[in-house]
Amino acid sequence: MSNSQWQRKISPASSRTPIIFWSFVMAVFVSGGSLGPVLLLALSMLCHGTLGFHDCIQHRSHNHGKVQGPNLIKQELPCTGGLCVGMHNGPHEGGPASYPAGDRASGYTSVYATMTVPEMPQKQDGICYYIWTDVFFGNMGLGTMNQFVPQLILGNALDGSSGAPSYIPHWGVHPTWEFGAHYFFELHNTTTGNSDGHAAYGTMHPAHSGEVLFTSFQQSYDQNAERPVWTLKMGVVGDPSRLSELRVDQPYMGLGTHWPTPTVSWAEKNYSFLCVNSCWELYGAVDADHLPSSGSTYEIYVDDGNQDDFPWVHQWDEDEGANRTCATSTISESHNTTSQRVTWKIGL
């Protein structure tokens, strides 16, 4: 497999060759087609081996490696640092499990999650950390990836955007924890045949080990625009001064308005289902010294917005990192007629 097939969320400075595109989410829901296992890759030189690639809906060969550096090789390590949790039998496992996003008439699904900021790793050389809870959708038009992913970062990481009109990703080196609301999406480039990464970011803020961060995803109806909008927030519990917020009025930040097959609203069919996942996406976690020095506890809350007959997924799985991670992991789930709580405890 060519290096360029695994360059996701990386610097556009290096040349890229065509990648393998993955199918639309609705095709998965209709057909139940298998997406296959997520391939495990690693980085040499800048970032070394990890698990933690995670897309809610993905082709089995489509992974993103949100790192800078062209030399991507496969390595066999005794264990790795990355791990992810998601809905049992979701598209990431080859199944149809997902949640309806809702609508104005029936109510909107919302997601709120908290996580503990872990202790810093003993060594930071070659690391690239993304720690997050996300909401993920299918695609339309020229879109090939569609992820709301406010995240905690460390090391050489994607940390910003050029903003409108192109939303070009930006990278920086972060020796201490920082976080921000983030929307990452990829678009098919009809000239090159590549799938190009784009990013929208809220303000970045510092975080400290032991603090509890929250992430929220809220859809609402904009009366003036006459369409639904999403608002992403990430902040520190108990400190309102550190709040990162990003409003996403349209899919792909409105770049799909003039496509041959336009996409202009979150009310369109391919955005009518969503997946919820949490992940330690730890590049360069090749040994204990390059892992965080402590674990973390996630609490994930899903509210159905009073929609009728909501299809709660009772079982959540460690769908990446199982039997390979250096960390321990326990998952529990509870729900009632209107809301769900998933607790994920990571130990090191």
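About the criteria used
Residues numbered from 1 in each chain as written. Predicted model: local features only at pLDDT ≥ 70, side-chain atom pairs only at ≥ 80, totals over all residues. Heavy atoms only, no water. Helix = DSSP H or I, 4+ residues; strand = E, 2+ residues; numbered from the N terminus. Buried < 20%, exposed > 50% of the residue type's maximum accessible area, 1.4 Å probe, protein only. Contact = heavy atoms within 4.5 Å. Areas by Shrake-Rupley, 256 points an atom, 1.4 Å probe, with all protein chains shown as cover. Salt bridge = Lys/Arg side-chain N within 4 Å of Asp/Glu carboxyl O. pLDDT = per-residue confidence, 0-100. Pairing = 2+ DSSP bridges. Axes fitted to C-alpha atoms, helices over the stretch in contact; angles between N-to-C directions. Phe/Tyr/Trp six-rings, centres within 6.5 Å; stacked < 30°, edge-to-face > 60°. Polar contact = N/O pair within 3.5 Å; in protein donor to acceptor, adjacent residues only side chain to side chain.

A. Spatial organisation of the overall build of the protein chain. For the protein chain, the helix and strand inventory stands at one helix and 22 strands. For the protein chain, with 348 residues in total, the buried portion stands at 58%. Contacts in the protein chain between residues at least 24 apart in sequence constitute 71% of all its contacts with a sequence separation of at least 6. For the protein chain, the accessible surface area stands at approximately 13400 Å², while carbon and sulfur atoms represent 53% of it.

B. Highlighting the pattern of salt bridges. The final tally for this structure, using the stated rule, is six salt bridges. One salt bridge connects glutamate 211 with arginine 242, and the closest N-O pair in it is separated by 2.7 Å. Here glutamate 211 is found in the loop between β14 (205–206) and β15 (212–222), whereas its partner arginine 242 is found in strand β17 (residues 239–248), with 31 residues between them in sequence. Arginine 242 carries the same exposure label as glutamate 211, and that label is buried. The salt bridge involving arginine 247 is made with aspartate 222; its shortest N-O contact spans 2.3 Å. With a gap of 25 residues between them, arginine 247 in strand β17 and aspartate 222 in strand β15 connect regions that are remote in the sequence. Under the relative-accessibility criterion, aspartate 222 is labelled buried at 15%. Connected through shared salt-bridge partners, Glu211, Asp239 and Arg242 make up one network.

C. Quick peek at the environment of leucine 274. Topologically, leucine 274 is positioned in strand β18 (residues 273–283). On the basis of relative accessible area, leucine 274 is assigned to the buried category, the value being 1%. Linking leucine 274 and proline 100, residues 174 residues apart in sequence, is a C-alpha distance of 6.3 Å. Leave out the neighbours within four places in its chain, and leucine 274 touches Met87, Ser98, Tyr99, Ala101, Val135, Phe136, Phe137 and Trp230.

D. Region of the structure containing the confidence of the model for the protein chain. In the predicted model, the protein chain carries a mean pLDDT of 81, and 76% of its residues have values of at least 70. Taken together, the stretch residues 69–75 has pLDDT below 50 and engages in 23 contacts with residues farther than four places along the chain or on a different chain.

E. Region of interest: the sheet that holds β15. Strand order in the open sheet made by the seven strands is β17-β16-β15-β7-β19-β22-β21, with antiparallel pairing throughout. Strand pairing shows two members of the sheet lacking a second neighbour, β17 and β21 (328–335), which therefore form its edges. The mean inter-strand angle of the sheet, taken between neighbouring strand axes irrespective of direction, is 15°.

F. Examining the pairing of strand β12 (residues 182–188) more closely. For β12, the tally of buried residues reaches six of seven residues, placing the bulk of the element in the interior. Pairing of strand β9 (residues 143–148) with β12, which is carried by five bridges, proceeds in the antiparallel orientation. Bridging from a neighbouring strand, glutamine 147 pairs with phenylalanine 184 of β12. As paired elements, β12 and strand β13 (residues 195–201) share seven bridges and run antiparallel to each other.

G. Examining the pairing of β15 more closely. In this structure, strand β7 (residues 110–116) lies alongside β15, joined through six bridges in antiparallel fashion. Pairing of alanine 113 across the sheet is with threonine 215, part of β15. If you look at the hairpin formed by β15 and strand β16 (residues 227–236), you'll find four residues sitting between the two strands, and glutamate 226 has a positive phi there, around 60°.

H. Just the packing of aromatic side chains, in detail. This structure, assessed with the given rule, holds 19 aromatic pairs. Their ring planes at 45° and their centres at 5.0 Å tell us that tyrosine 99 and phenylalanine 310 sit as a pair that is tilted. Taken together, the positions of tyrosine 99 in strand β4 (residues 99–100) and phenylalanine 310 in the loop between β19 (296–303) and β20 (316–320) put the pair 211 residues apart, joining distant regions of the chain. Each member of the pair, tyrosine 99 together with phenylalanine 310, is buried.

I. Main features of the side chain of threonine 263. Structurally, threonine 263 is set in the loop between β17 and β18. At a separation of 2.6 Å, a polar atom in the side chain of threonine 263 contacts the side chain of glutamate 268. Setting aside its immediate chain neighbours within four residues, threonine 263 contacts Met140, Pro251, Tyr252, Gly256, Thr257, Glu268 and Tyr271.

J. The arrangement of unusual backbone geometry in detail. Cis geometry marks the peptide bond from alanine 164 to proline 165, where omega comes out at 5°. The backbone of methionine 253 shows a phi angle near 55°, a positive value even though the residue is not glycine. Its location among the elements puts methionine 253 in the loop between β17 and β18. Residues other than glycine seldom take positive phi values, yet aspartate 309 does so here, at roughly 50°.

K. Structural view of the environment of serine 106. In this structure, serine 106 sits in the loop between β5 (102–103) and β6 (107–108). The class of serine 106 is partly exposed, set by a relative accessible area of 31%. Not counting the four nearest positions on each side in its chain, serine 106 is found in contact with Gly305, Asn306 and Gln307. Side-chain polar atoms of serine 106 contact the side chain of aspartate 103, separated by 2.7 Å.

L. Highlighting the side chain of threonine 133. With respect to the helices and strands, the residue threonine 133 is situated in strand β8 (residues 128–136). Residue threonine 133 is classed as buried on the basis of its relative accessible area of 2%. Here the side chain of threonine 133 touches serine 278 through a polar contact of 2.8 Å, side chain to side chain. Excluding residues within four positions of it along the chain, threonine 133 makes contact with Ala113, Phe148, Val149, Pro150, Thr215, Phe217, Val276, Asn277, Ser278 and Tyr298.

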